[in-house]
Amino acid sequence: MCGVSPVERSSGSGQYRRLNRGGDRQANAALHRIVQTRLRVDPRTQDYYERRSKEGETRREIVRSLKRYAAREVFHLVRPVRP
């Protein structure tokens, strides 16, 4: 819903994923701010970034994954609790 789901794209020999351009752009912008802040101050996120970059992932791919993680966390915080 936030536009952070991966969309497959290919350019001949390579298979890539990009962010979904649909969805709620304001929510996507908020997730982007969350991820950028976490990259600056959260040690767990910094460790995750370092590990993924050593695996050969690009910054864009890592941020896309972090946005999905953040979206899951936010969803669990805002969904109504059933009795």
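Notes on the structure follow. Since the structure is predicted, the reported quantities are computational estimates derived from the model, not experimental observations. (Residues numbered from 1 in each chain as written. Predicted model: local features only at pLDDT ≥ 70, side-chain atom pairs only at ≥ 80, totals over all residues. Heavy atoms only, no water.)

**What about helix 1 (residues 25-41)?**
Given 3.6 residues per turn, any residue in an α-helix points the same way as the ones three and four places further on.
At step 1: Between the first and last C-alpha of helix 1 there are 24 Å, a value that for 17 residues agrees with the 24 Å anticipated at 1.5 Å per step.
At step 2: Of all the positions in helix 1, only Ala27, Asn28, Leu31, Val35 and Leu39 are classed as buried. End-on view of helix 1: buried residues confined to an arc of 115°, all on one side of the axis. Helix 1 presents Gln26, Arg33, Arg40 and Val41 as exposed residues on the side facing more than 90 degrees away from its buried surface.
At step 3: Summarising the contacts, the buried residues of helix 1 are in contact with helix 2 (43-54) and helix 3 (59-78). (Helix = DSSP H or I, 4+ residues; strand = E, 2+ residues; numbered from the N terminus. Expected span 1.5 Å × (residues − 1). Buried < 20%, exposed > 50% of the residue type's maximum accessible area, 1.4 Å probe, protein only. Arc of directions from axis to C-beta. Contact = heavy atoms within 4.5 Å.)

**A look at the pattern of salt bridges**
At step 1: By the definition in use, this model includes three salt bridges.
At step 2: Residues Arg52 and Glu55 are paired through a salt bridge, measuring 3.8 Å at the closest nitrogen-oxygen approach.
At step 3: Notably, a salt bridge pairs Glu57 with Arg52, separated by 3.5 Å at the nearest N-O pair.
At step 4: Residue classification places Glu57 among the partly exposed positions, given a relative accessible area of 28%.
At step 5: You can call Arg52 buried: its relative accessible area is 15%.
At step 6: What you see here is one network of salt bridges that share partners, running through Arg52, Glu55 and Glu57. (Salt bridge = Lys/Arg side-chain N within 4 Å of Asp/Glu carboxyl O.)

**Overview of a nonpolar patch on the surface**
At step 1: Together, Ile34, Val74, Leu77 and Val78 give the surface a local cluster of nonpolar side chains, amounting to about 370 Å² of exposed area.
At step 2: Ranked by the residues each element gives to the nonpolar patch, the list is headed by helix 3, at three residues.
At step 3: Within the secondary structure, Val78 is located in helix 3.
At step 4: On the basis of relative accessible area, Val78 is assigned to the exposed category, the value being 60%. (Patch = residues over 30% accessible without salt bridge, like charges linked within 9 Å, V, L, I, M, F, W, Y side chains within 5 Å. Areas by Shrake-Rupley, 256 points an atom, 1.4 Å probe, with all protein chains shown as cover.)

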